[in-house]
Amino acid sequence: MVNVVGSDKWSDIETKDAAVIDFNATWCGPCKMMTPVLEELSEEYAGKVDFYAIDVDKNPELAERFSVMSIPNLVLLKKGELADRSVGFKPKDALKVWIDAKL
């Protein structure tokens, strides 16, 4: 499951061993295409990686903190530290390769 969060829950994310944060917006077409892909990945990586979605319009301070200039923008954190990012829509298999390379 992809948890929709905001800055009020950020401290929870920073404590995770591995987390993928999807910076998105409700008006973004590619973001809408990414949602079901991330839902599938969240099930496949259950117990290994936590998945979160953050709306950049509702949480501009987090978008700024991570220098989000384009969406969808996936940020991979390991123990609260930025490990990598992926910008734009990517198919499921490409995202699995990306995640596996960073774990």
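Above this text you will find the structure in question.
The text that follows walks through the structure, step by step, so that each part is easy to find. All chains use their own residue numbering, which begins from 1 and follows the written sequence. The predicted origin of the model limits local features to residues at a pLDDT of at least 70 and limits the giving and counting of side-chain atom pairs to 80 or more, whereas totals for whole chains, interfaces and linings rest on all residues. For side-chain calculations, the full set of non-hydrogen atoms in the structure is used, while hydrogens and water are omitted.

**Remarks on the packing of helix H2 (residues 29-44) against helix H4 (residues 92-102)**
The criterion, for reference: Comment: axis = line fitted to C-alpha atoms, over the contacting stretch for helices; angle = value between 0 and 180 degrees taken between N-to-C directions. A helix here means a DSSP run of H or I that spans at least four residues, while a strand means a run of E at least two residues long, and both kinds are numbered starting from the N terminus. Oblique is the label for any angle not covered by the other classes, which are roughly parallel (under 35 degrees), roughly antiparallel (over 145) and roughly perpendicular (65 to 115). What makes a crossing left-handed is the near helix being turned counterclockwise from the far one by less than a right angle; a clockwise turn instead makes it right-handed. Should any heavy atoms of two residues lie within 4.5 Å, those residues are counted as being in contact.
Running from N to C, H2 and H4 point in directions that differ by 50 degrees, and their axes come no closer than 10 Å. What the angle tells us is that H2 and H4 run oblique. For H2 against H4, the interelement crossing comes out right-handed. Of the residues in H4, those touching H2 at Met34, Val37, Leu38, Glu40, Leu41 and Glu44 are Lys92, Leu95, Lys96 and Ile99.

**Examining H4**
We count it as follows: Each residue gets one of three labels from its accessible area relative to the maximum for its type: buried under 20%, exposed over 50%, partly exposed in between, using a 1.4 Å probe on protein chains only. For this quantity, the arc is that covered by the directions from the helix axis to the C-beta atoms.
By the burial criterion, the buried members of H4 are Leu95, Trp98 and Ile99. The buried side chains of H4 occupy one side of the element, clustering within an arc of 95 degrees when seen end-on. Across from the buried face of H4, at angles greater than 90 degrees, the exposed residues are Asp93, Val97 and Ala101. Tucked inside the fold, the buried residues of H4 contact strand E2 (18-24), H2, strand E3 (50-55), strand E4 (73-78) and strand E5 (81-87).

**What about the pairing of E2?**
Just so we agree on the cut-off: One bridge is not enough; two strands pair if DSSP finds at least two bridges between them. Seen with its strands pointing away from the viewer, a crossover is right-handed if its path from the first strand over the helix to the second goes clockwise.
Within E2, seven of the seven residues are buried, which leaves it mostly tucked inside the rest of the structure. Alternating positions in E2 separate into two faces, Ala18, Val20, Asp22 and Asn24 on one and Ala19, Ile21 and Phe23 on the other, with burial throughout. Pairing between E2 and E3: six bridges, direction parallel. Bridge pairing in E3 links Ile21 to Tyr52. Taken together, E2, H2 and E3 constitute a β-α-β crossover, and its handedness is right-handed.

**Regarding the pattern of salt bridges**
Test applied: Criterion for a salt bridge: a side-chain nitrogen of Lys or Arg within 4 Å of a carboxyl oxygen of Asp or Glu.
Enumeration over the complete set of coordinates arrives at six salt bridges. Linking Glu14 and Arg65 is a salt bridge whose minimum nitrogen-to-oxygen distance equals 2.9 Å. Here Glu14 is found in helix H1 (residues 10-14), whereas its partner Arg65 is found in helix H3 (residues 60-65), with 51 residues between them in sequence. A salt bridge links Lys102 to Asp84; its shortest N-O distance comes to 3.7 Å. Taken as a pair, Lys102 in helix H4 and Asp84 in strand E5 lie far apart in primary sequence, 18 residues in all.

The quantities given are spatial measurements derived from coordinates; they are silent on function.
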